[in-house]
Amino acid sequence: MIIKTDDLTGSEVAELLREHIQSMRLYSPPESKHALDLEALRKPEITFWSAWEGNELVGCGALQQLDSRHGEIKSMRTSSTHLRKGVAKRVLQHIIEEAKGRGYRRLNLETGSMDAFEPARKLYESFGFQYCKPFSDYSEDPNSVFMTKEL
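Parameters and conventions
Residues numbered from 1 in each chain as written. Predicted model: local features only at pLDDT ≥ 70, side-chain atom pairs only at ≥ 80, totals over all residues. Heavy atoms only, no water. Phe/Tyr/Trp six-rings, centres within 6.5 Å; stacked < 30°, edge-to-face > 60°. Helix = DSSP H or I, 4+ residues; strand = E, 2+ residues; numbered from the N terminus. Buried < 20%, exposed > 50% of the residue type's maximum accessible area, 1.4 Å probe, protein only. Pairing = 2+ DSSP bridges. Right-handed = clockwise from strand over helix to strand, strands pointing away. Salt bridge = Lys/Arg side-chain N within 4 Å of Asp/Glu carboxyl O.

### Focus: the packing of aromatic side chains
Two descriptors summarise a pair of aromatic rings, namely the distance from one centre to the other and the angle between the planes of the rings.
Consideration 1: Per the counting criterion, the structure on display carries 4 aromatic pairs.
Consideration 2: Between F135 and F146, the aromatic rings sit 6.1 Å apart at their centres with planes inclined by 85°, giving edge-to-face as the arrangement. Of this pair, F135 sits in the loop between β6 (130-132) and β7 (144-150) while F146 sits in strand β7, and the two are 11 residues apart along the sequence.
Consideration 3: Its relative accessible area of 3% is what places F146 among the buried residues.
Consideration 4: A connected cluster of aromatic rings, assembled from ring pairs, spans F135, Y138 and F146.

### Considerations on the pairing of strand β5 (residues 106-112)
Consideration 1: With 6 of 7 residues buried, β5 lies mostly within the body of the structure.
Consideration 2: Note that strand β4 (residues 70-78) and β5 share 3 bridges and pair parallel. Within β5, the residue paired with E72 across the bridge is N108.
Consideration 3: Each parallel crossover has a hand, and for β4 linked through helix α3 (residues 87-101) to β5 it is right-handed.

### Focus: the pattern of salt bridges
Consideration 1: One pass over the full model with this rule turns up 8 salt bridges.
Consideration 2: The shortest N-O distance in the salt bridge between K74 and E72 comes to 3.4 Å. In this pair, the class of K74 matches that of E72, namely buried.
Consideration 3: The closest approach of N and O atoms between E150 and R106, which form a salt bridge, is 2.2 Å. One end of the pair, E150, is in strand β7; the other, R106, is in strand β5, with 44 residues separating them in the sequence.

In structure tokens:
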């Protein structure tokens, strides 16, 4: 698997992000949807990576700089045809290493509280993320959980 910085112009990435936002709509009411669309992911404080096996897009993830020592994981997604193959684990490892390389002291994330998000929560827990209060601009939301990891 190759993980590369992505400029968000490819049709495969656009389709995977559409799939991501569609699935968020299935489980999260509009006021609880925090997934970023293509345009929002193009902000200068966000770095987006795509993961590839040959010419096939298998997953993606992003890192948003909140300040010089703090980042947020965004847009983690595995292609539906590559679930349970270790894609998310590899992308998450990549993001954590990048955050450490930038000198971040903490990583945070928001994910859903519903059963559909349990695999994601278990993955983050396996990497040492712990549950925490809302951070940055988030507020308490019964449809969200917030997690943090000291680097």
